[in-house]
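Examining the three-dimensional arrangement
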Amino acid sequence: MATNSGKKIIRIDISSDTVCPWCFVGKRNLDKAIALTNNQYDFEIRWHPFLLNPSAPKEGVNKKDYYRNKFGPRSEQMMSRMSEVFKGFGLEYNMSGLTGSSLDSHRLLYFAGQQGLDKQNNLAEELFLGYFTQGRYIGDREFLIEAARKAGVEGAADFLEDPNNGLKEVNEELQQHSSNISGVPHFVLNGKYQLSGGQPPESFIQAFQAASNITA
């Protein structure tokens, strides 16, 4: 399919968790690949929920302690690795603050998507930036509302007030998009071509070429 501009459309469905650092890495590399090829393609990006830890506490726990308890001695090596990767984007990987349930962030991403895919994509960026570089807690209502405001999402405070808003839709998307995958980020291009992990921009560009030959 092509748009009025004559460019082929690449539809990208991304399964991701807002507390997954490789999901942020994948997004930044995807952004770079899109910037390099937007003279060839038009893109539609949709974000779908994935819960790395469905039982994560809503009240939040110390992020460093959580990683040390989960990964043991490997946690320091993992943190060091992520710091290096983030430096490559000109970002400082921040392990301060809390981690916990990301469910509210996924409800908010769903809500943003109802106002436009650009707003949803911008919100994903703000959530990643806050959580991974500013030590903000992904379950903090004030942070979520602030991220929504920066992304141009309207009505976030009222939407988040009711814990049932968006819950049914998030659960449906978890079933539809996440039940058959074991890790994130996971990218599906034009409904068929799949990529996983924090792929480099070159891999995305190759995937665009392959997916552009698929009828969406």
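Before any of the text, the structure's been laid out above.
Position numbers for residues start from 1 in each chain and track the written sequence from start to end. Under the rules for a predicted model, residues below a pLDDT of 70 receive no local features and side-chain atom pairs below 80 are neither given nor counted, while totals for whole chains, interfaces and linings still include all residues. The basis for every side-chain value is the complete set of heavy atoms in the structure, and neither hydrogens nor water enter the calculation.

**Brief notes about the packing of aromatic side chains**
Stacked, tilted and edge-to-face are the three classes assigned to paired rings of Phe, Tyr and Trp, where Trp is represented by its six-membered ring and a pair needs centres within 6.5 Å; plane angles under 30 degrees give stacked, over 60 edge-to-face, the rest tilted. Under the definition given, this model contains 16 aromatic pairs. With 5.1 Å between their ring centres and 20° between their planes, Phe24 and Phe128 make a pair best called stacked. A residue pair is termed long-range when its members are at least 10 positions apart, and Phe24 in helix H1 (residues 21-37) and Phe128 in helix H5 (residues 117-133) qualify at 104 residues. With respect to burial, Phe24 and Phe128 carry one shared label: buried. One aromatic cluster is present, formed by Phe24, Trp47, Phe86, Tyr93, Phe128, Tyr131 and Phe132 through successive ring pairs. Taking the ring centre of Tyr131 as reference, the NZ or CZ of Lys63 above it sits at 3.8 Å. The helix count covers DSSP runs of H or I at least four residues long, the strand count covers runs of E at least two residues long, and both are numbered beginning at the N terminus. Burial classes follow relative accessibility: with a 1.4 Å probe on protein chains only, a residue under 20% of its type's maximum area counts as buried, one over 50% as exposed, and anything between as partly exposed. Note on geometry: a ring has a charge over it if NZ (lysine) or CZ (arginine) is within 6 Å of the ring centre and within 35 degrees of the ring normal.

**Overview of the pairing of strand S6 (residues 193-196)**
Here strand S5 (residues 186-189) pairs with S6 via four bridges, running antiparallel. For Phe187, the partnering residue across the bridge sits in S6 and is Leu195. Remark: three residues form the turn of the hairpin made by S5 and S6, two consecutive strands paired antiparallel; Asn190 in that turn has positive phi of roughly 50°. Whether two strands pair comes down to DSSP finding at least two bridges between them.

**Digging into the sheet that holds S6**
Read from one edge of the open sheet, four strands run S2-S1-S5-S6, paired in mixed fashion. Among the strands making up the open sheet, the edge pair consists of strand S2 (41-49) and S6. Pairwise comparison of adjacent strand axes, ignoring direction, gives a mean angle of 20° for this sheet. In this description, contact between two residues means that some pair of their heavy atoms is separated by no more than 4.5 Å. Only the stretch in contact is used when fitting a helix axis, every axis being a line fitted to C-alpha atoms; angles between N-to-C directions are given from 0 to 180 degrees. Docked against the sheet, helix H8 (residues 167-178) engages strand S1 (8-16) and S2, running at close to 115° with respect to S2.

**Description of the packing of H1 against helix H3 (residues 74-87)**
As a packed pair, H1 and H3 sit with axes 11 Å apart at the nearest point and diverge in direction by 20°. Here H1 lies roughly parallel to H3, going by the angle between them. Here H1 and H3 pass one another in a crossing that is left-handed. Between H1, through Pro21, Trp22, Phe24 and Val25, and H3, the contact on the second element is made entirely by Arg81, Met82, Val85 and Phe86. Looking at side-chain class alone, the contact of H1 with H3 contains seven nonpolar, no polar and one charged residues. Convention used here: angles under 35 degrees read as roughly parallel, angles over 145 as roughly antiparallel, angles from 65 to 115 as roughly perpendicular, and any remaining angle as oblique. The handedness criterion is simple: a crossing whose near helix is rotated anticlockwise from the far helix by less than a right angle is left-handed, and one whose near helix is rotated clockwise is right-handed. When residues are grouped by polarity, Ala, Val, Leu, Ile, Met, Phe, Trp, Tyr, Cys and Pro land in nonpolar, Asp, Glu, Lys and Arg in charged, and all others, Gly among them, in polar.

**So, the pairing of S2**
With nine bridges joining them, S1 and S2 adopt parallel strand pairing. Directly across from Lys8, in S2, lies its bridge partner Tyr41. Throughout, right-handed denotes a crossover for which the path from the first strand over the helix to the second runs clockwise when the strands point away from the viewer. For the segment spanning S1, H1 and S2, crossover handedness is right-handed.

**Description of H5**
Think of an α-helix as 3.6 residues a turn; residues three or four steps apart then line up on the same face. In this model, H5 (17 residues) spans 24 Å end to end at C-alpha, consistent with the 24 Å of a helix rising 1.5 Å per residue. Every buried residue of H5 is listed here: Gln120, Asn121, Leu123, Ala124, Glu125, Leu127, Phe128, Leu129, Gly130, Tyr131, Phe132 and Thr133. Immediately beyond the C-terminal end of H5, within one or two residues, lies Gly135, with a positive phi of roughly 70°. The length a helix should cover is 1.5 Å for every residue beyond the first.

**Notes on the side chain of Thr99**
Locating Thr99 in the fold gives a position in strand S4 (residues 98-99). Assessed through its relative accessible area of 6%, Thr99 is described here as buried. The term polar contact refers here to a pair of N or O atoms within 3.5 Å; inside protein, the definition further demands a hydrogen-donor-capable atom paired with an acceptor-capable atom, and it admits residues adjacent in sequence only when both atoms are side-chain atoms. Within the structure, Thr99 has its side chain in polar contact with the side chain of Tyr131 (distance 2.7 Å).

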